[in-house]
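Summary of the model geometry
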Amino acid sequence: MKHIITFCFLLANISSLLGVNKFPLEMVNTPADKNSLAPNLCKLGDYFLLSWIERDGNGVAQVQIASWDGTNFSHKSLVAESKQMFVNWADIPSVIEAPSGDLYAHWLDRISSKNYAYGARIARSINQGKSWKSIGWLHKDLSETEHGFVSLISDNLHVRAFWLDGRMMTKPNGKMMLRTAIIDGDKIKDEHMLDNDVCTCCPTSAVQMSTGPIVVYRDRSPREIRDIGFVLQRDDAWSEPAIIQADNWLMPGCPVNGASIAANGEFVAISRFTVVHNKAKVILRLFKEGKVKSGTEIVLDEDAPIGRCTTVCTKDSAYTVWIGLEKKQTVLRLANVSSAGEIMEITTLASINGSRSSGMPRVIISKGYLWVSWTDSNNIRLGRLKIDN
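Here goes a summary of the coordinates provided. Worth saying up front: this structure is predicted, and the values here are computed from it rather than measured.

Criteria and cut-off values
- Residues numbered from 1 in each chain as written.
- Predicted model: local features only at pLDDT ≥ 70, side-chain atom pairs only at ≥ 80, totals over all residues.
- Heavy atoms only, no water.
- Buried < 20%, exposed > 50% of the residue type's maximum accessible area, 1.4 Å probe, protein only.
- Helix = DSSP H or I, 4+ residues; strand = E, 2+ residues; numbered from the N terminus.
- Pairing = 2+ DSSP bridges.
- Phe/Tyr/Trp six-rings, centres within 6.5 Å; stacked < 30°, edge-to-face > 60°.
- Lys NZ or Arg CZ within 6 Å of the ring centre and 35° of its normal.
- Axes fitted to C-alpha atoms, helices over the stretch in contact; angles between N-to-C directions.
- Salt bridge = Lys/Arg side-chain N within 4 Å of Asp/Glu carboxyl O.
- Contact = heavy atoms within 4.5 Å.

With respect to the pairing of strand β2 (residues 36–44)
Regular strands show a simple pattern: their side chains alternate between the two faces of the sheet. Where burial is concerned, most of β2 is hidden: eight out of the nine residues are buried. Bridge count for β2 against strand β3 (residues 47–55) is seven bridges, and the pairing is antiparallel. Following the sheet pairing, Cys42 is matched in β3 by Leu49. With antiparallel pairing between neighbouring strands as the criterion, β2 and β3 make up a hairpin whose turn holds two residues, including Gly45 at a positive phi of roughly 60 degrees.

Below is the structure:
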């Protein structure tokens, strides 16, 4: 994480933008103020929540949310505020609706005054985000190390969290771990380790399947091979860590470029940025539930993409957004791939800043629209386009 701290200031604006080919991207105004960053999207019933971070001039950072009702955003609502909030471009807060209807949010706070001693805080709302109660740290460990890149999913009647945990890095040759726990009401329980050596600062991603949860993350071998790994639960037991595909990407440091997993029924999609034979690629893997290792691989981009993929599924298609290049210009790209593996469309959504200030794009499907959030030119950007779902 030491090399990824880039603070960006975002101002939501109203504009209209047309994507290349048949994808008109309609820009939507958000309630975010100046000095805002890190937008994220969360399904909420038939609609969704937008979350982001705002900062004032006194060093206070706030996690804010607003709900979309199909026509407009609600007034923003404060989730948490802190002078100790650990704010950066890559590791962004999130919100999830639990099976009970309660909302849970996570963000990062400093554990101590050391630069990279931070952890994940959890808050709960029992009134659809009108008010929030902090329920504490996600993890039992409070060592002065890094704890972050949290993924939250529904798991039976509860919420399950996955995160990267640096507690062993206080020891000689200690490694970053992947850990999980259950959030049940105001309690966090059943914490345990899933992988004892993973990439230190690549985002995780997880979904719930009928057989149990699956999490994808960037693994790390003793030889510094950093391919995408996965762990899944079946019959209340966790699998051993395994690799999605042996790309054999030899990388001495963390690329801050994780995978994204999405599912709709038995249809599952994983997008990833990787390097194969010294060539950068964005690859989409499609498979039926339970058959991760026998999926179909579709190369979406091999023209020096930056990556930062995010994917969402309908029953018939996988939509993937990533940062790529077009005529030497950094752009936000979208691919629509059928469940049979046919590329239906690849299009450019917008020109964006190629630096880390562009943050992590996020996508969600709501009421026949694909919603896309990202950051650019010190602004939160939120756009939508009509899809067939």
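Text resumes after the structure shown.
Here's the deal with the packing of aromatic side chains
Counted under the stated rule, the structure contains nine aromatic pairs. Pairing Phe48 with Phe73 gives two aromatic rings, centres 6.0 Å apart and planes at 85 degrees, and the pair type is edge-to-face. With Phe48 in strand β3 and Phe73 in the loop between β4 (61–68) and β5 (77–82), the pair connects residues that are 25 residues apart, well separated along the chain. With respect to class, Phe48 is no different from Phe73; both count as buried. The rings of Phe48, Trp68, Phe73, Tyr369 and Trp371 are connected pair by pair, giving a single aromatic cluster. For Arg384, the ring lying beneath its charged end belongs to Tyr369, and the centroid distance is 4.2 Å.

Looking at the sheet that holds strand β23 (residues 307–313)
Ordered in space as β23-β24-β25-β26, the four strands form an open sheet in which the pairing is antiparallel. The strands lining the two open edges of the sheet, one partner per strand, are β23 and β26 (343–351). On average, adjacent strands in this sheet sit at an angle of 20 degrees to one another, irrespective of strand direction. Here strand β25 (residues 329–338) runs beside β26; their pairing, made up of seven bridges, is antiparallel. Directly across from Asn336, in β26, lies its bridge partner Glu345.

A few points about the pattern of salt bridges
Here the structure, examined in full by the defined rule, presents 21 salt bridges. For Arg272, the salt bridge is made with Glu297, and the minimal N-O distance between the two is 2.8 Å. With Arg272 in strand β20 (residues 267–276) and Glu297 in strand β22 (residues 296–301), the pair connects residues that are 25 residues apart, well separated along the chain. Residue Arg272 is classed as buried on the basis of its relative accessible area of 1%. The partner of Glu326 in a salt bridge is Arg333, with the nearest N and O atoms 3.9 Å apart. A relative accessible area of 31% means that Glu326 is categorised as partly exposed. Of the residues examined, Arg333 reaches a relative accessible area of 15% and is grouped as buried.

Quick look at unusual backbone geometry
One non-glycine residue, Arg308, lies in the positive phi region at around 60 degrees. Structurally, Arg308 is set in strand β23. Arg308 sits in the buried class, given a relative accessible area of 6%.

Some details on the pairing of strand β19 (residues 260–264)
Pairing geometry for β19 and β20, over five bridges, is antiparallel. Its bridge partner being in β20, Ala263 is matched across the sheet by Val268. Here β19 folds back onto β20 in antiparallel fashion, the turn holding two residues, of which Gly265 has a positive phi close to 65 degrees.

Looking at the environment of Ala105
For Ala105, the location among the structural elements is in strand β7 (residues 103–110). Relative accessible area serves as the criterion here: at 0%, Ala105 is assigned to the buried category. Residues Ala105 and Glu326, 221 residues apart in the sequence, show an inter-C-alpha distance of 36 Å. If near-sequence neighbours (up to four positions away) are discounted, Ala105 is found in contact with Val79, Ser94, Val95, Arg121, Ile122, Ala123 and Trp132.

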